[in-house]
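Structure assessment
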Amino acid sequence: MTGQDVKTDAAAAEEIERWAQARMEALRTTAEEAAAQFWAQAMAERRRRPKAEWGRLGVRVRQQNTARALPGAFAIEWFECRWANPQPRGATRTAYIRRGRQLRYSRAAFRGLAQPWEIELAEAMEDRFTPIRRLVQSLSALRVQLRQHLRLEQRLAGTAAQEGA
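Residues numbered from 1 in each chain as written. Predicted model: local features only at pLDDT ≥ 70, side-chain atom pairs only at ≥ 80, totals over all residues. Heavy atoms only, no water.

A separate point is the overall build of the protein chain. Check the secondary structure of the protein chain and you find three helices and three strands. In sequence order, the protein chain lays out its α and β elements as α-β-β-β-α-α. For the protein chain, buried positions account for 33% of its 165 residues. Restricting the contact set of the protein chain to residue pairs at least 6 apart, pairs at least 24 apart contribute 58%. Here the protein chain displays about 10,800 Å² of accessible surface, and carbon together with sulfur accounts for 53% of that area. (Helix = DSSP H or I, 4+ residues; strand = E, 2+ residues; numbered from the N terminus. Buried < 20%, exposed > 50% of the residue type's maximum accessible area, 1.4 Å probe, protein only. Contact = heavy atoms within 4.5 Å. Areas by Shrake-Rupley, 256 points an atom, 1.4 Å probe, with all protein chains shown as cover.)

Below, the discussion takes up the pattern of salt bridges. Tallying each qualifying case throughout the model produces 14 salt bridges. The salt bridge partner of Arg28 is Glu32, with a shortest N-O separation of 3.0 Å. Taken together, the positions of Arg28 and Glu32, both in helix α1 (residues 3–48) and four residues apart, correspond to about one turn of that helix. Classification of Glu32 as partly exposed rests on a relative accessible area of 34%. One salt-bridge network, in which partners are shared between bridges, spans Glu45, Arg48, Arg49 and Glu53. (Salt bridge = Lys/Arg side-chain N within 4 Å of Asp/Glu carboxyl O.)

What follows is about the side chain of Glu80. If you trace the backbone, Glu80 turns up in strand β2 (residues 74–83). According to the relative accessible area criterion, Glu80 is buried, its value standing at 3%. Within polar-contact distance, the side chain of Glu80 engages the side chain of Arg56 at 2.4 Å. Filtering out sequence-adjacent residues up to four positions away, Glu80 remains in contact with Arg56, Arg93, Thr94, Ala95, Ile97 and Leu113. (Polar contact = N/O pair within 3.5 Å; in protein donor to acceptor, adjacent residues only side chain to side chain.)

Mapped onto the secondary structure, Pro116 falls in helix α3 (residues 116–164). Taking the relative accessible area as the measure of exposure, Pro116 reaches 59% and is therefore exposed. Linking Pro116 and Glu53, residues 63 residues apart in sequence, is a C-alpha distance of 9.1 Å.

A separate point is the nonpolar core. Counting 28 residues, the largest nonpolar core has Phe74, Ile76, Trp78, Phe110 and Phe129 as the members making the most contacts within it. Ranked by the residues each element gives to this core, the list is headed by α3, at nine residues. (Core = buried A, V, L, I, M, F, W, Y, C linked by side-chain atoms within 4.5 Å.)

Under the counting rule described, the total for this entry stands at seven aromatic pairs. On the basis of an interplanar angle of 40° and a centroid distance of 6.2 Å, the ring pair of Trp39 and Phe79 is categorised as tilted. Separated by 40 residues along the polypeptide, Trp39 in helix α1 and Phe79 in strand β2 bring together distant segments of the chain. By relative accessible area, which is 3% here, Phe79 ends up buried. (Phe/Tyr/Trp six-rings, centres within 6.5 Å; stacked < 30°, edge-to-face > 60°.)

Okay, structure coming up:
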């Protein structure tokens, strides 16, 4: 393996990374649009129902800012809203709902936390969110594998250079 091969591989890797980040951003936009649709539908339902049936379910698309997260990584998460102070400007607390090991939230995850109409709406939204999560997971795995491959190529190129010297 020559130094030129390593440079060509690095350029290809940069192009793949740009493509992956663009795809991740497009997926994030799609997820945010779906989340906005949930909020619009939930608001419409709340308007036509008595306050006792309003429910407390919410969804958000959240940027992953951990040290291990790849650039552009995000999560689609459901949560329950709780009002700490029922006054007009009272504090709102959120408690995230555990998804479990699967890419899709199960119906049971919402049981006891959400109104029946919210569960139906969440199930419909999960039909849209699950493929997005699957694609995000695939892109992340691709990016990790690419980085591992580049490190291996560099290590082997260094070893070959030492043997040739």
